[in-house]
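# Analysis of the macromolecular model
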Amino acid sequence: MNNNKIGVFDSGIGGITILNELKKALPNENFIYYADSKNNPYGNKTLDELFEIVCNIVEKLLRMNVKLIVIACNTATTKCIKMLREKYKNTIFVGTEPAIKVACDKDFKNTIVMATPGTINAERTHELVINNKKENQKIYLLPCDGLADTIEFGTEKQIKEKVSSLLSKYKNYNIDAIVLGCTHYPYAKKYISEEFPSATLIDGNKGVTKQVVKLLTENNLLNSTNTKGKIEMIYNK
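Residues numbered from 1 in each chain as written. Predicted model: local features only at pLDDT ≥ 70, side-chain atom pairs only at ≥ 80, totals over all residues. Heavy atoms only, no water.

Right, let's talk about the sheet that holds strand 7 (residues 177-180) for a bit. One open sheet holds the four strands; their spatial order is 6-5-7-8, and the pairing between them is parallel. Strands at the two margins of the open sheet, each flanked by one partner only, are strand 6 (138-143) and strand 8 (200-202). Taken over all neighbouring pairs, the strand axes of this sheet differ in orientation by 20° on average, direction set aside. Where strand 7 lies against strand 8, three bridges are found, and the strand directions are parallel. In the sheet register, valine 179 faces strand 8, and the bridge partner there is isoleucine 202. (Pairing = 2+ DSSP bridges. Helix = DSSP H or I, 4+ residues; strand = E, 2+ residues; numbered from the N terminus. Axes fitted to C-alpha atoms, helices over the stretch in contact; angles between N-to-C directions.)

Take helix 3 (residues 74-87) next. Relative to the 20 Å expected for 14 residues at 1.5 Å per residue, helix 3 spans 19 Å between its end C-alpha atoms, a close match to the ideal helical length. Of the residues making up helix 3, those classed as buried are Asn74, Thr75, Ala76, Thr77, Thr78, Cys80, Ile81 and Leu84. Close packing links the buried residues of helix 3 with helix 2 (47-63), strand 3 (66-71), strand 4 (93-94), helix 5 (117-121) and helix 6 (123-132). (Expected span 1.5 Å × (residues − 1). Buried < 20%, exposed > 50% of the residue type's maximum accessible area, 1.4 Å probe, protein only. Contact = heavy atoms within 4.5 Å.)

This part takes up the sheet that holds strand 2 (residues 30-35). Each strand in a sheet pairs with another by means of backbone hydrogen bonds, the pair being arranged parallel or else antiparallel. Pairing within the open sheet is parallel, and its five strands lie in the order 4-3-1-2-9. Each having just a single partner strand, strand 4 and strand 9 (231-235) make up the two edges of the open sheet. Looking at chain direction, strand 1 (residues 5-10) and strand 2 are connected through six bridges and run parallel. Each residue of the ladder has a partner; that of glycine 7, found in strand 2, is isoleucine 32.

The subject of this paragraph is unusual backbone geometry. Following asparagine 40, the chain continues into proline 41 via a peptide bond in cis, with omega recorded as 0°. Mapped onto the elements, proline 41 comes out in the loop between strand 2 and helix 2. Of note in this structure, asparagine 174 is not a glycine but carries a positive phi near 55°. Note on placement: asparagine 174 falls in the loop between helix 8 (156-167) and strand 7.

With that settled, the discussion passes to the state of the cysteines. All told, the structure shown has zero disulfides when counted by the stated rule. Just so you know, cysteine 80 is unpaired, no disulfide at all, and the nearest cysteine sulfur is the one on cysteine 55, 7.5 Å from it. Take cysteine 80: its relative accessible area is 0%, and that puts it in the buried class. Cysteine 144 forms no disulfide, and the closest cysteine sulfur to it belongs to cysteine 182, at a distance of 8.6 Å. (Disulfide = S-S within 2.5 Å.)

Right, let's get into the nonpolar core. The nonpolar side chains of a soluble globular protein tend to be buried, and buried together. Counting 23 residues, the largest nonpolar core has Ile112, Met114, Ile178 and Tyr185 as its most contacted members. Breaking this core down by element, the ones donating at least two residues are strand 5 (110-115), strand 6, helix 7 (147-153), helix 8, strand 7 and helix 9 (189-195). Here this core takes four residues from helix 8, the largest share from any one element. Those residues within four positions of isoleucine 112 in sequence are excluded, and the remaining contacts are Tyr140, Leu142, Leu167, Tyr170, Ile175, Ala177, Ile178, Val179 and Phe196. Core analysis: the next-biggest nonpolar cluster, separate from the first, contains 22 residues, Cys55, Val58, Cys80 and Tyr88 among them. (Core = buried A, V, L, I, M, F, W, Y, C linked by side-chain atoms within 4.5 Å.)

What follows is the structure in structure tokens.
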């Protein structure tokens, strides 16, 4: 069987925000989306635990003939993508990381980066700050313990309350940008905007999509048919 599918995985529903962008850009491609709700949240796992989890998912996707794998999770990307590329040398991986560079390039002065504790503590996240922050910019790294979990399993009221409690201490910081460093967080956009109506919300979904298109093109892997692609959903509950 030809490798004609793109694999996408996350710790639940969050990565569907990336899948939707990919579908718009690549309507003829076939996708497999693996929602690993059983192991949500990834942000509180040890590195060994998380690497074992993501390797099991990668193995499943490879058995289903994928040509490229999108890690639609900031935590899994920032902690595991280097090791995955070493272990699966013939597999093309595209990761998701907090859009800190975008916030810095757009010259926002006071940026909150909302992410899981795992992403906030990851070496890669701190590299992004060091490599991109200008002298006149402030970046506040906010570990949002439990927010992805609340979005995955909680009520709208619980999500609203969780967002409010996390962001309350930044009310007087003149925040002009908020980086959504977890693919679950776009589902809470309206509540984040209620706390900071004038702040620009930034996620990495368009950047991920751009990179997928680039790598498919460079490796001559684009689906050449004109038929509309299919999406297969797998829920690990």
